[in-house]
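Listed below, chain by chain, are the residues.
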Amino acid sequence: MATRAQSSSLKAMSTSTSTSTLAPAAIIQAARERLAVVPDDPGALIQLGTGLLLAGEVAQAIPPLELAVAQLTAPPVGVLLNLGAAYLMTDANERAQPLYQRVLARDPANINALNNLGALALEADSPERAQRYLARCLAVAPQHRDAIINLARAERALGRRGDAIARLLPLANQPPDRADVLAELAIILVQEGSNAYGLAAAERAIRADPAHRGALEAIVIAQAGLGRADLALPHARRALSLDSTDAVARGNLVMVLQALGHIGEALTLLDEADAAGNNTPALTQLRAVCLFTAGRYRDGTAPYRARFAVPGTHGVATKYPLPPDTTPPPPSTRVGLWGEQGVGDQIMFCSCLPPVIARHPTLAVAVDGRLAPLLQARHPTIAVLSYEQIATGDGWSDRDYLAPLGDVLGWADPVGKTSALALPASAKAAPHRPAVGPTVALSWASYSPRYGQRKSPPVAALAKLDPAGAFGWLPVQHAAPRAELDQLARAFAGRWRPPTGLDPHQDLVGLGATMAAATLVLSVSNVTAHLAAALGLETWIMLAHGSDWRWGHGETAPWYPRVRLFRQPAPGDWDGVMAAINQALIERLS
């Protein structure tokens, strides 16, 4: 889910003139009477602008304040602040910034200018600069609530979410509830994977302000992170109804609809944004996700390029210029494809390579070094390189066409009938106690910060597998906590056969060989699942309700030959998944 770059907490205005205690209408009348006599009187212009600001006539306040500032060599700080506030309230941020700089030149400790410059830096995607201004503001006024919120936002943007949470918690615990504080806290908690706590904070924010868009969007993100896209849907609709031009709210609604399989409505929302000129890279990327979910891989490849323009995209995209489009180059071209995003996606994209290799027999592919031996074993005639090799130019400098690996979705359909990877001849399974009868290699957790909690069944649910005790169980989970291993060892007493010396994270060849020694592989959606499936092993995958585009909405996957998908029948219903797997295990034995 997308998250909002929260609207900055801006101190709107400073009414530090002698007229600020009068009613706005009286201020405006007195100013106009004075200007009728002396049309360019700076004091009357300031008085008129201030009165109009107090009356809420912001656009009308700007001309007299601009005239006054232009006439005065050293305009009062309050006048500069008021004109700056008027610019901010009319979305003329670029005109407000130099005014606040002038304020600081006269008053380096002015907290309004420091906070607003920090907020403007946040809106300009400059969290480091924002942090400097906001720290100066809080050094002068440690309890400045808006500066505290803005600094927390800067820390979130810099990846220092723990610092941001610690900064916001005291404000969140002070009555009365303040929606902007709680909404920001909710978003950070969700980004940390604490969806339940984030949801609680967002719901408090909504009670404080039922129309707070940031709080609504935090609820959407939290509910989706908990696998409850159905509960996220009404909040996503409400957020977009408050502002139909809000690209983040539209993106969140599209993502919820995609998770629920409502692809037609999602694409209609994206078409509306295109028609209104409100498209963004994030919305373009969502179009690709919707098309991929519908199995329209070639249609989705061009908009999928937008992933390189969306902040936070993983990979090595910045090292190489992108080709002008996603159409395949001529057959004579010496093509180099570079892997991007995570290892699981690299494996998945490799399922499209056979027809690409047939067209470009001199192909070179650069992937994560852990994956390279498996891809080379499957395709011994092409050059398979690691990231470390291409960093030195080895085997890469002779390429005359470089493209991201994901572009192959537009060059060839997935070849799901053959394996995408193969084990090298030297591959060896990790030692483990052999089973008497069939064995299941088991991986039960994803450690994705955003979605790992939703994708991973609790150990108590896993313990309900194989009640007849017909299978041996071979754990291949990376970084499994000792408590989980012990609990599962007790549940599968006498049938638990952990391998010795296997590092499932670093040694993908050893992991693949170990899984190949089992009868089948049972995994959540993670690298282990992609690896087993790409090796052509019988792979059963446990999926949360409303899983992502990679697994579509059916029982099989287009990428791999021997995959069976077990989906939650309802959000959070892992017991239903285990019941379906138990029935399948019985059928597997027969």
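Here the structure is a predicted model, which means the values were calculated and not measured. Sequence order as written defines residue numbering, which begins from 1 separately in each chain. Per-residue local features are limited, in this predicted model, to residues with pLDDT of at least 70; the limit for side-chain atom pairs, both in listing and counting, is 80 or more; totals at the level of whole chains, interfaces and linings are taken over all residues. For the side-chain quantities, the full set of heavy atoms in the structure was used; hydrogens and water were omitted.

## Describing the overall build of the chain
The helix and strand inventory of the chain stands at 27 helices and 9 strands. Here the chain has roughly 23900 Å² of accessible surface; of this, 55% comes from carbon and sulfur atoms. Put simply, DSSP marks the helices as runs of H or I at least four residues long and the strands as runs of E at least two long, and each gets a number from the N terminus on. Accessible surface area values rest on a Shrake-Rupley calculation with a 1.4 Å probe, where residue burial reflects the displayed protein chains alone.

## Overview of the sheet that holds strand β7 (residues 520-524)
Strand order in the open sheet formed by 5 strands is β6-β5-β7-β8-β9, and the pairing between neighbours is parallel. Among the strands making up the open sheet, the edge pair consists of β6 (472-475) and β9 (563-567). The mean angle between the axes of side-by-side strands here comes to 25 degrees, regardless of whether they run parallel or antiparallel. Following DSSP output, two strands are said to pair if at least two bridges run between them. Sheet analysis places strand β8 (residues 539-543) next to β9, joined by 5 bridges and oriented parallel. Lines fitted to C-alpha atoms define the axes here, with helix axes fitted over just the stretch in contact, and angles between the N-to-C directions of these axes take values from 0 to 180 degrees.

## Brief notes about the pattern of salt bridges
In what follows, salt bridge is the name for a side-chain nitrogen of Lys or Arg lying within 4 Å of a carboxyl oxygen of Asp or Glu. Following the criterion strictly, the structure yields 30 salt bridges and no others. A salt bridge links R213 to D246; the shortest N-O distance between them is 2.9 Å. Taken together, the residues R213 in helix α12 (residues 213-225) and D246 in the loop between α13 (229-242) and α14 (247-259) connect sequence positions 33 residues apart. Between buried and exposed lies partly exposed: a residue is buried under 20% and exposed over 50% of the maximum accessible area for its type, with that area taken using a 1.4 Å probe on protein chains only. Taking relative accessible area as the criterion, D246 reaches 7% and is therefore assigned buried. Salt-bridge contacts for R399 lead to D398; the nearest nitrogen and oxygen are separated by 3.3 Å. Relative accessible area serves as the criterion here: at 38%, D398 is assigned to the partly exposed category. Among the charged side chains, a salt-bridge network with shared partners connects E155, R160, D163 and R167.

## Description of the nonpolar core
Note on terminology: a nonpolar core comprises buried Ala, Val, Leu, Ile, Met, Phe, Trp, Tyr and Cys residues joined through side-chain atoms within 4.5 Å. Residues L83, Y87, Y100, L168, L253, V254 and V256 are the most contacted members of the largest nonpolar core, which totals 95 residues. Examining the composition of this core, we find that 10 residues originate from one element, helix α10 (residues 179-191), more than from any other. L253 has contacts with L233, A236, R237, L240 and L269, leaving out every residue within four places of it along the chain. Among the nonpolar cores identified, the runner-up in size contains 61 residues, and I347, V356, A557 and L565 belong to it. Residue contacts are counted whenever heavy atoms from the two residues lie within 4.5 Å of one another.

## Some remarks on the packing of helix α15 (residues 263-275) against helix α16 (residues 281-293)
It is the contact of α15 with α16, at a shortest axis distance of 10 Å, that shows an interaxial angle of 155 degrees. When the axes of α15 and α16 are compared, the pair comes out roughly antiparallel. Judged by the twist between their axes, the crossing of α15 over α16 is left-handed. Residues I263, A266, L267, L270, D271, A273 and D274 of α15 touch α16, and the partners they reach there are L283, L286, R287, C290, L291 and T293. For the contact of α15 with α16, the residue count by class is 9 nonpolar, 1 polar and 3 charged. In what follows, roughly perpendicular refers to angles from 65 to 115 degrees, roughly parallel to angles under 35, roughly antiparallel to angles over 145, and oblique to any angle outside these ranges. A crossing counts as left-handed when the near helix is turned anticlockwise from the far one by less than a right angle, and as right-handed when that turn is clockwise. Ten residues, namely Ala, Val, Leu, Ile, Met, Phe, Trp, Tyr, Cys and Pro, are considered nonpolar, four, namely Asp, Glu, Lys and Arg, are considered charged, and the remaining ones, Gly among them, are considered polar.

## Points about the packing of aromatic side chains
Two aromatic rings from Phe, Tyr or Trp, using only the six-membered ring of Trp, form a pair when their centres are within 6.5 Å; if the ring planes differ by under 30 degrees the pair is stacked, by over 60 it is edge-to-face, and anything between is tilted. For the structure shown, the criterion picks out 13 aromatic pairs. Every member of this aromatic cluster is reached through a ring pair, and the members are F292, Y297, Y304, W549 and W559. To sit over a ring, a charge needs its Lys NZ or Arg CZ within 6 Å of the ring centre and within 35 degrees of the ring normal. The side chain of R564 reaches across the aromatic face of W540, ending 5.8 Å from its centre.

## Concerning the packing of helix α11 (residues 195-208) against α12
Following both chains from N to C, one finds α11 and α12 inclined at 155 degrees, their axes separated by 8 Å at the closest point. Viewed along their axes, α11 and α12 adopt a mutual orientation that is roughly antiparallel. Once α11 is placed against α12, the crossing between them reads as left-handed. For the pair α11 and α12, contact is made by N195, G198, L199, A202, E203, A205 and I206 and by A215, L216, A218, I219, I221, A222, Q223 and G225, respectively.

## Observations concerning the sheet that holds strand β2 (residues 364-367)
Here 4 strands make up an open sheet; going across it, the order is β3-β2-β1-β4 and the pairing parallel. Among the strands making up the open sheet, the edge pair consists of β3 (383-386) and β4 (401-404). For this sheet, the mean angle separating the axes of adjacent strands, direction not counted, is 20 degrees. Taken together, the 4 bridges between β2 and β3 define a ladder with parallel strand orientation. Bridge pairing in β3 places A366 opposite L385.

## Points about the environment of T293
With respect to the helices and strands, the residue T293 is situated in helix α16. Among the residues examined, T293 registers a relative accessible area of 10% and is labelled buried. With near-sequence residues (within four places) excluded, T293 lies in contact with Q258, I263, W549, G552 and H553.

## Some remarks on helix α26 (residues 527-534)
Burial analysis of α26 places 7 of its 8 residues in the buried class, the great majority of the element. Among the residues of α26, those classed as buried are T528, A529, H530, L531, A532, A533 and A534. Any pair of N or O atoms that falls within 3.5 Å is considered a polar contact. Within protein, one atom must be able to donate a hydrogen and the other to accept it, and sequence-neighbouring residues count only if both atoms are side-chain atoms. You can read the cap of α26 off the contacts: a side-chain oxygen lies 3.1 Å from the backbone nitrogen of T528, and it is on N526. Downstream of α26 by a residue or two, G536 has a phi angle that is positive, lying close to 80 degrees.

## Structural notes on helix α5 (residues 93-106)
Under the convention used throughout, the expected extent of a helix is 1.5 Å for every residue step, that is, one less than its residue count. If you check α5, its first and last C-alpha atoms are 21 Å apart, about what 14 residues at 1.5 Å a residue would give, namely 20 Å. Its buried side turned inward, α5 meets α4 (77-89), α6 (111-123) and α7 (127-140).

## Observations concerning the environment of L520
Position of L520 among the secondary structure elements: in strand β7. Measuring from C-alpha to C-alpha, the distance between L520 and H212 comes to 49 Å, with 308 residues separating the pair along the chain. Excluding its chain neighbours within four sequence positions, the residues that come into contact with L520 are T439, V440, A441, E538, W540, L585 and R588.

## Topic: the confidence of the model for the chain
On average, residues of the chain score 90 in pLDDT, and 94% of them reach the 70 mark or higher. A residue's pLDDT is simply how confident the predictor is in it, with values from 0 to 100. The secondary structure element of the chain with the lowest average pLDDT is helix α22 (residues 452-455), at 82, and the one with the highest is β7, at 98. Counting interchain partners and residues more than four positions distant, the pLDDT-below-50 stretch residues 1-19 has 69 contacts. Every residue in residues 313-318 is under pLDDT 50, and counting partners more than four places away or in other chains gives 10 contacts.

## Quick look at unusual backbone geometry
Between P175 and P176 the backbone carries a cis peptide bond, its omega angle lying at -5 degrees. Look at D91: it is not a glycine, yet its phi comes out positive at around 60 degrees. Among the secondary structure elements, D91 is positioned in the loop between α4 and α5. The phi dihedral of A479 falls on the positive side, at around 55 degrees, and the residue is not glycine.

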